[in-house]
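# Summary of the model geometry
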Amino acid sequence: MITAKSPPVRRLVAVVAAGAMVGLAPAGTAPAAPQGPDRSADVSVVDPGWVPDPLADGVPQLPSRDVTKTKEQQRRVRASGATAAATYVRDGHLPKPLPLAAQPTNSNPAPLVDRGLHDAQGVRMFSFAGKTWNHPVGQAQWGLSNLAAYRTSGDKRFLDRAVANAQRNIDRRVESRGAWWYPYDFDLSRCAGRPLLRAPWYSGMAQGEMLSLFVGLAEITGEAKWRTAADQTFLSLTLPVVANAPWASWVDPNGYLWLEEYPVTFGTTGERVLNGHTFALYGVYDYWRLTGDERAVAVFDGAASTVRRYLPTHFRVTRWASKYSMGCAQPHVKYHQVHTAQNLKLYEMTTSAVFATYAYLLRSDYPAPAVNGAVSFAAGTHVGYTFSSTGAVTSQKTLKLARASGAQASQRVRVYGRGIYYQIANGALAGYLVPEAYGQRVLLGKAVEHRYDPARTLSFQPGTYTGYAYDAAGNVTGSKRLTFPSASIAPLGATAWVNGRLSYQVTAGAYVGYWLPHTTGLAFT
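### Quick look at the packing of helix α4 (residues 204-221) against helix α6 (residues 274-291)
The geometry of a pair of packed helices is captured by two quantities: the angle between their axes and the separation between those axes. Axis separation between α4 and α6 bottoms out at 7 Å; the angle between their running directions is 30°. The angle between the axes of α4 and α6 places the two elements in the roughly parallel class. Pair α4 / α6 crosses with left-handed handedness. When α4 is examined against α6, the residues G204, M205, G208, E209, L211, S212, V215, A218 and E219 are found in contact with a partner set consisting of N275, G276, F279, A280, Y282, G283, V284, D286, Y287, R289 and L290.

### Notes on the packing of helix α7 (residues 294-315) against helix α9 (residues 353-365)
Interaxial distance between α7 and α9 falls to 11 Å at its minimum, and their mutual angle equals 35°. By crossing handedness, the relation of α7 to α9 is classed as left-handed. Across from A304, V307, R308, L311 and P312 in α7, the residues of α9 making contact are V354, F355, Y358 and L362. Here the contact of α7 with α9 is composed, by residue class, of 8 nonpolar, no polar and 1 charged.

### Comments concerning the packing of aromatic side chains
Any two aromatic rings considered together are summarised by their centre-to-centre distance and by the angle between their planes. Under the counting rule described, the total for this entry stands at 33 aromatic pairs. The residue whose ring lies beneath R124 is W142, and the NZ or CZ to ring-centre distance is 4.3 Å. Across the ring face of Y452, the terminal group of R456 is positioned such that the distance to the ring centre comes to 5.5 Å.

### A closer look at the nonpolar core
Membership of the largest hydrophobic core comes to 116 residues, with the highest contact counts inside it found for F214, L458 and F460. The dominant element in this core, judged by the number of residues it contributes, is α7, at 11 residues. Counting 9 residues, the second-largest nonpolar core is a separate cluster that includes W320, A321, Y366 and V415.

### Structural notes on unusual backbone geometry
A cis geometry characterises the amide bond from A199 onward to P200, with omega recorded as -5°. In this structure, the amide linkage connecting D453 to the following residue, P454, adopts the cis form with an omega of 10°. Structurally, P454 is set in strand β16 (residues 446-460). Even without being glycine, R272 reaches a positive phi, approximately 60°. With respect to the element layout, R272 can be found in the loop between β8 (257-259) and α6. The backbone phi angle of T351 is positive, close to 60°, even though this residue is not glycine. Here T351 shows up in the loop between α8 (333-350) and α9.

### With respect to α4
Across its 18 residues, α4 extends 26 Å between first and last C-alpha, which sits within 8% of the 26 Å expected from 1.5 Å per residue. For α4, the buried fraction is high: 15 of the 18 residues fall into the buried class. Measuring from the backbone nitrogen of M205 back to the side-chain oxygen at the start of α4 gives 3.1 Å, which picks out S203 as the cap.

### Notes on the environment of T278
Tracing the chain through its elements places T278 in helix α6. Considering only alpha carbons, one finds T278 and A303, 25 residues apart in sequence, at a separation of 7.6 Å. In contact with T278, not counting residues within four places along its chain, are V307, Q342 and L346.

### A look at the environment of V375
You can see V375 is positioned in strand β9 (residues 370-377). Overall, the relative accessible area of 1% leaves V375 in the buried class. Once the C-alpha coordinates of V375 and S405 are considered, the two residues, 30 residues apart in sequence, prove to be 8.5 Å apart.

### Let's talk about the state of the cysteines
For the structure on display, the rule yields 1 disulfide. With its sulfur 2.1 Å from that of its partner, C191 forms a disulfide with C328. As the torsion about the S-S bond is roughly -90°, the C191-C328 disulfide counts as left-handed. Note that C191 is positioned in the loop between β6 (187-189) and α4 and C328 in the loop between α7 and α8, a separation of 137 residues in sequence. On the basis of relative accessible area, C191 is assigned to the partly exposed category, the value being 27%. The buried category is assigned to C328, whose relative accessible area is 8%.

Reading the values: the criteria
By convention here, each chain's residues receive numbers from 1 onward along its written sequence. The model is predicted, so local features are restricted to residues of pLDDT at least 70 and side-chain atom pairs to those at 80 or more, both for listing and for counting; the totals for chains, interfaces and linings are taken over all residues. Side-chain metrics rest on all non-hydrogen atoms present in the structure, leaving aside hydrogens and water. Axis lines are fitted through C-alpha atoms, for helices just across the contact stretch, and the angle between N-to-C directions can take any value from 0 to 180 degrees. A run of H or I in DSSP counts as a helix once it spans at least four residues, and a run of E counts as a strand once it spans at least two, with each numbered from the N terminus. Relative orientations are named as follows: roughly parallel for angles under 35 degrees, roughly antiparallel for angles over 145 degrees, roughly perpendicular for angles from 65 to 115 degrees, and oblique for any other angle. Rotating anticlockwise by less than a right angle from the far helix to the near helix defines a left-handed crossing, while the corresponding clockwise rotation defines a right-handed one. The contact definition used throughout considers only heavy atoms, calling two residues in contact when any of these lie within 4.5 Å. Gly is put with the polar residues, along with every residue not named as nonpolar or charged; the nonpolar set is Ala, Val, Leu, Ile, Met, Phe, Trp, Tyr, Cys and Pro, and the charged set is Asp, Glu, Lys and Arg. To pair, rings of Phe, Tyr and Trp, with the six-membered ring standing in for Trp, must have centres within 6.5 Å; the planes then decide the type, stacked if under 30 degrees apart, edge-to-face if over 60, and tilted in the middle. As a reminder, the over-ring test applies to NZ of lysine and CZ of arginine, requiring each to be within 6 Å of the ring centre and within 35 degrees of the ring normal. Take the buried Ala, Val, Leu, Ile, Met, Phe, Trp, Tyr and Cys residues and link them wherever side-chain atoms come within 4.5 Å; each set so joined is a nonpolar core. Remark: exposure states derive from per-residue accessible area (1.4 Å probe, protein chains only) relative to the maximum for the residue type, with buried under 20%, exposed over 50%, and partly exposed in between. A helix's residues, less one, multiplied by 1.5 Å, set its expected span. Two N or O atoms count as a polar contact when they lie within 3.5 Å, although within protein this holds only if one can serve as hydrogen donor and the other as acceptor, and sequence-adjacent residues are included solely when both atoms are side-chain atoms. Any two cysteine sulfur atoms within 2.5 Å of one another count as a disulfide.

Right, dumping it as structure tokens:
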């Protein structure tokens, strides 16, 4: 619900909170802006209040069966003749090498002081019912964040923490059908109508993220045990569903491969969690980097094809936040930002343009709201609003300005059933939302920028177009106006909302270093 109370303006530029989701904040991994006159400031910020916490998903409960006995039964399930999941759809989304800085699990470096819940060994823990529990997703993500910090700092304390979190899961593993599995020892209930996950249960997301952690440790230390752990964990994502044994992947009735975050049921009743599926896909990508294994290419392609097939039809909500999963099909404003970032990263990993398009559409539907910038108000009448969760106006305030003025904004947010609004943080309209309207109220600077590597293509129909350069305060410092007598194209490096308008930045040609506001005749592929 969007309320009249404005949160304090955030000046955070990276997620450092414990439990921050790996791969959500790709700051520093995108290609640099082209040289040129533009100096526009990026006013979007990462607000920890908008970062989902995977440790808080679902409602934990005490185990409803004998966990130790069940694990022993699962260990007795041996590998059968069926050593791989059924045949699944493959579009041809093949993994491409990325530099270290752009790899999806090399992000969100951990702080040296761990303010999250951890035990004496530095292992991330989860608390409920008066005791602490192991949480494989939380431990894998914390381990990866420590590896990211170690790569940049060389401080062995980060590496030691990553090793501790990885080793904990090796020590707790359940070996079944030749693969290694990392158990949850508490029950978990999901949304209404979903079956209870009874301990011990296993998560495809945990298997995939633990796989990424083992790959990273194998690369950094060169120790064979981490390669073994990676091999046995990857195997878990290739096995078919078998009764009374752990499983993490399945093929739906349409032939699409799912890496299931909450694998309690499969078929048409499977939950099919989009973010967990994609995080598991990242693990498969890392395993491919390490090994070049063609099985990893197949699983990666199959999992990416699933995103391509289902995101627009089963997850996207036009002009609102996307749904968390098919089984818990409610829009989720926080995980929507994860879906957006994941699709932009999938574009980098595959160069399949469809994923960049999905990221663009998701950003248009519900842009990441946190900003720290100035809104320019033209002279005239302006109305601020507060809204209910259904988009109904609950109050309003009118402001008349004899001359242009400005105020700080803490959010650029979509209101349900309406357009984009700025939440004003100070002045006469503090705590109110005002609609974005070019020429009347605009957020100065660039917001929700998407950078493309490789570059996409911007097409120009015959006509005249003007590009603009801005300074850090949002003032126009230069412009370039050109006329095209015939259709033309240019490489597109970025899109963003700049001074209140969707704008394009090319990486070569006469407009390098300028932003071209969207207008009739411009389109990108």
